[in-house]
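A structural walkthrough
Listed below, chain by chain, are the residues.
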Amino acid sequence: MSNLKSIGLAYQNYFSANNDHILRGDATGNTTGNLWFNQLSGRTDAGISTTETPEGGYGLDYGGYSRPGVLACPSEAKPLHEDKTVGFKYTHYAPNWFLTAPKESPARIRTLNAITDASEALLVGDLYSPQGSVLQNNRNFAYRHGANEDYSRAQDDVPTSKGRANSVYVDGHASGMTYEYTRSITNDKVPNSAVPYGPSVTYNVLYIGYDYTK
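Residues numbered from 1 in each chain as written. Predicted model: local features only at pLDDT ≥ 70, side-chain atom pairs only at ≥ 80, totals over all residues. Heavy atoms only, no water.

A word on the overall build of the protein chain
Check the secondary structure of the protein chain and you find 4 helices and 4 strands. When the helices and strands of the protein chain are listed from N to C terminus, the series reads α-α-β-β-β-β-α-α. A buried classification covers 47% of the 214 residues belonging to the protein chain. A fraction of 51% describes how many contacts in the protein chain between residues 6 or more apart in sequence connect residues 24 or more apart. (Helix = DSSP H or I, 4+ residues; strand = E, 2+ residues; numbered from the N terminus. Buried < 20%, exposed > 50% of the residue type's maximum accessible area, 1.4 Å probe, protein only. Contact = heavy atoms within 4.5 Å.)

Below, the structure written as structure tokens:
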């Protein structure tokens, strides 16, 4: 939770310095230097195999393989590792793909004017798959906190009443949620129904708190 609050603070610094624009969650130009965590930490490349302290950025302590910073969740068993078959290559967290401007034509970068409820607009949350880089549905979250089970991914045929996924929101607060909670968010909470795949229990947790069309 503390890591996510630090990520949220870096986002707040970014908002203030960039006219309330919301940092893109994906890379532009296929360069790792444009990834959200490198932008917030001041790195110009992935750089997590080094112990260098980058200059610039917005206050995010990236850390790395040898000195995990706030990008490494202490509750995740798989470490940060350059080999994705061993662990997570860059981070244990991922941004909300729908809020942080997915690749569209033309490319879109939102501002905070799109936010309808900053306490519900999810920015970044616990990521399940080492192969993933963004949160695109409620199964992409890792429900790794408070669970005694040997799994962290939510599945319809597996009970997940104990596990929680932590996330940070646009207003800077961080909190945990269960898979069941994500499935309880009704369609009428989505500010604009013109969203990818339509309002549904699978996606609503990533649609609420902002108007996708702005």
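What to know about the pairing of strand S2 (residues 122–126)
S2 sits mainly inside the fold: 5 of its 5 residues count as buried. Pairing geometry for strand S1 (residues 93–95) and S2, over 3 bridges, is antiparallel. For Pro95, the partnering residue across the bridge sits in S2 and is Val124. Two elements, S2 and strand S3 (residues 165–169), share 3 bridges in a ladder whose sense is antiparallel. In the strand pairing of S3, Gly125 is matched with Ser167. (Pairing = 2+ DSSP bridges.)

Points about the nonpolar core
Across soluble globular proteins, nonpolar side chains show a tendency to be buried alongside one another. With 50 residues, the main nonpolar core has Ile7, Tyr11, Trp36, Val124 and Phe141 as its most contacted residues. Dropping the residues within four chain positions of it, Trp36 is found in contact with Ile7, Tyr11, Leu23, Arg24, Gly25, Leu71, Thr91, Tyr93, Ala94, Pro95 and Val124. (Core = buried A, V, L, I, M, F, W, Y, C linked by side-chain atoms within 4.5 Å.)

What to know about helix H1 (residues 2–17)
With 16 residues, H1 ought to run about 22 Å at 1.5 Å a step, and its terminal C-alpha atoms sit 23 Å apart, in line with that. For H1, the secondary structure elements touched by its buried residues are helix H2 (36–41), S1, S2, S3 and strand S4 (174–177). A positive backbone phi angle near 50° is found at Asn19, which sits one or two residues after H1. (Expected span 1.5 Å × (residues − 1).)

Focus: the packing of aromatic side chains
Counted by the stated rule, this structure contains 14 aromatic pairs. With a centroid separation of 4.9 Å and 25° between ring planes, the pair formed by Tyr197 and Tyr203 is classed as stacked. In this structure Tyr197 comes out as exposed when scored by relative accessible area, which is 56%. Aromatic rings pair up to connect Tyr11, Phe15, Trp36, Phe37, Tyr62 and Tyr90 into one cluster. (Phe/Tyr/Trp six-rings, centres within 6.5 Å; stacked < 30°, edge-to-face > 60°.)

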